[in-house]
Amino acid sequence: MPVRFVTGNEGKVREAREYFADVEAVEQIQYDYAEIQHDSLAEIATRGVREAYAAIGDDIPVFVEDSELAIEALGGFPGPYSAYVEDTLGIERVWELVADEERRRARFRSVIAYASGDPADPDVETFTGSVAGTIVAPRGEGGFGYDPIFEYNGTTMAELSTEEKNAISHRGRALEKFAEWVAEHRD
Ligand code: ITT
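Draft legend 1. Representation of the overall build of the protein within the structure. Looking only at helices and strands, one finds 6 helices and 7 strands in the protein. Since a compact globule built from 187 residues should have a radius of gyration of about 16 Å, the 17 Å found for the protein is in line with a globular shape. Every one of the 187 residues in the protein was classed for burial, and the buried ones make up 44%. Intrachain contacts of the protein at a sequence separation of at least 6 include 57% that bridge at least 24 residues.

Printed below as a string of structure tokens:
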């Protein structure tokens, strides 16, 4: 049985497929669930997956994944506003905001929320991952979103293949735990 990923982001689907290629396919479902404003990424993802699972209306489990980038020198900005800031300012301007800072440390966080059981009152499991890096001038053509300005160990995430990015990224870490859990818990 496929695992169903509710997301509008093709980059996330490409990364998730690496973890399930041998076992089961990842099926993308487009449903624009509400992302509430909240400090806790787990809370945002949990509410989102409950809404999506209830709206889709069958009892085949689904998962969502929410991420954010927090830049230390900017007090954790853009945090929960990461998607909005990418759309409005763009990553080049985010780089310009921190270019003159001495500390350019940042962290990506990812939470996967998986819903199963009764769509009206589902069981929800969450899996997290994070990675620390440095904000740099944009480099690289791969990945998506903030990848060109997020450097880890001398390389931006946009300079890595999907496989290489997964091995170190916030989402890769969450996906690894999730895939293991799925392998243990599903028929
Ligand atoms: P969904 O449909 O799954 O919600 P989205 O692109 O809106 O897709 P998020 O809200 O989780 O995803 O993402 C928040 C922002 O962080 C958004 O601007 C993404 O492009 C960016 N982002 C998420 N993961 C990233 C990654 O691995 N590398 C670079 N940027 C990332």
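So, next bit.
Draft legend 2. Molecular detail of the environment of R171. One can find R171 in helix α6 (residues 170–185). Classification of R171 by relative accessible area gives buried; the value is 2%. Each C-alpha atom, one on R171 and one on E15, is 8.1 Å from the other, the two residues being 156 residues apart in sequence. Within the local environment of R171, its side chain forms a polar contact with the side chain of S67, the two groups lying 2.9 Å apart.

Draft legend 3. Structural context of the sheet that holds strand β6 (residues 150–152). The strand order across the open sheet built from 7 strands is β2-β1-β3-β4-β5-β6-β7, with neighbouring strands paired in mixed fashion. The strands lining the two open edges of the sheet, one partner per strand, are β2 (26–29) and β7 (155–156). Relative to β7, β6 is paired through 2 bridges, and the arrangement is antiparallel. Opposite E151, over in β7, you have T156 as the bridge partner. Where helix α1 (residues 10–20) meets the sheet, it contacts β1 (3–6), β2 and β3 (62–71), and its direction lies at approximately 160° from that of β2.

Draft legend 4. The arrangement of the site of the ligand in detail. Taken together, 20 residues lie near the ligand, and T7, E86, D147, K165 and R171 sit nearest. In the model, a nitrogen atom of the ligand is placed 2.6 Å from a nitrogen or oxygen of the D147 side chain. Within the contact set of the ligand, a nitrogen atom lies 2.6 Å away from a side-chain nitrogen or oxygen of R171. Taken together, the elements giving at least two residues each to the shell around the ligand come down to β3, α3 (82–88) and α6.

Draft legend 5. Structural detail: the pairing of β1. Taking every second residue as pointing to the same face, both faces of β1 are buried, with V3 and F5 on one and R4 and V6 on the other. Of the strand pairs in this sheet, β1 and β2 are connected by 4 bridges, and their pairing is parallel. Within β2, the residue paired with R4 across the bridge is E27. Where β1 meets β3, 2 bridges bridge the pair, whose relative direction is parallel. Bridging across to β3, F5 finds its partner in F63.

Draft legend 6. View of α6. Its 16 residues give α6 an end-to-end C-alpha distance of 23 Å, which sits within 8% of 22 Å, the value for a rise of 1.5 Å per residue. Those residues of α6 that fall on the buried side of the exposure criterion are H170, R171, G172, A174, L175, F178, A179, W181 and V182. Taken together, the buried residues of α6 touch β1, α1, β3, β4 (105–116), β5 (123–135) and α5 (162–168).

Draft legend 7. Region of the structure containing the packing of aromatic side chains. Tallied over the full model, the rule gives 8 aromatic pairs. Seen from their ring centres, Y114 and F178 are 5.5 Å apart, and the 55° between their planes marks the pair as tilted. Highlighted residues: Y114 in strand β4 and F178 in helix α6, separated in sequence by 64 residues. Its relative accessible area of 3% is what places Y114 among the buried residues. According to the relative accessible area criterion, F178 is buried, its value standing at 0%.

Draft legend 8. Local environment of the pattern of salt bridges. Within the structure shown, the criterion is met by 11 salt bridges. E15 is the salt-bridge partner of K165, the closest N and O atoms lying 2.7 Å from each other. Here E15 lies in helix α1 and K165 lies in helix α5, a separation of 150 residues in the sequence. Each member of the pair K165 and E15 is classed as buried.

Cut-offs applied
Residues numbered from 1 in each chain as written. Predicted model: local features only at pLDDT ≥ 70, side-chain atom pairs only at ≥ 80, totals over all residues. Heavy atoms only, no water. Helix = DSSP H or I, 4+ residues; strand = E, 2+ residues; numbered from the N terminus. Rg over C-alpha atoms; globule rule 2.2 N^0.38 Å. Buried < 20%, exposed > 50% of the residue type's maximum accessible area, 1.4 Å probe, protein only. Contact = heavy atoms within 4.5 Å. Polar contact = N/O pair within 3.5 Å; in protein donor to acceptor, adjacent residues only side chain to side chain. Pairing = 2+ DSSP bridges. Axes fitted to C-alpha atoms, helices over the stretch in contact; angles between N-to-C directions. Near = heavy atom within 4 Å. Expected span 1.5 Å × (residues − 1). Phe/Tyr/Trp six-rings, centres within 6.5 Å; stacked < 30°, edge-to-face > 60°. Salt bridge = Lys/Arg side-chain N within 4 Å of Asp/Glu carboxyl O.

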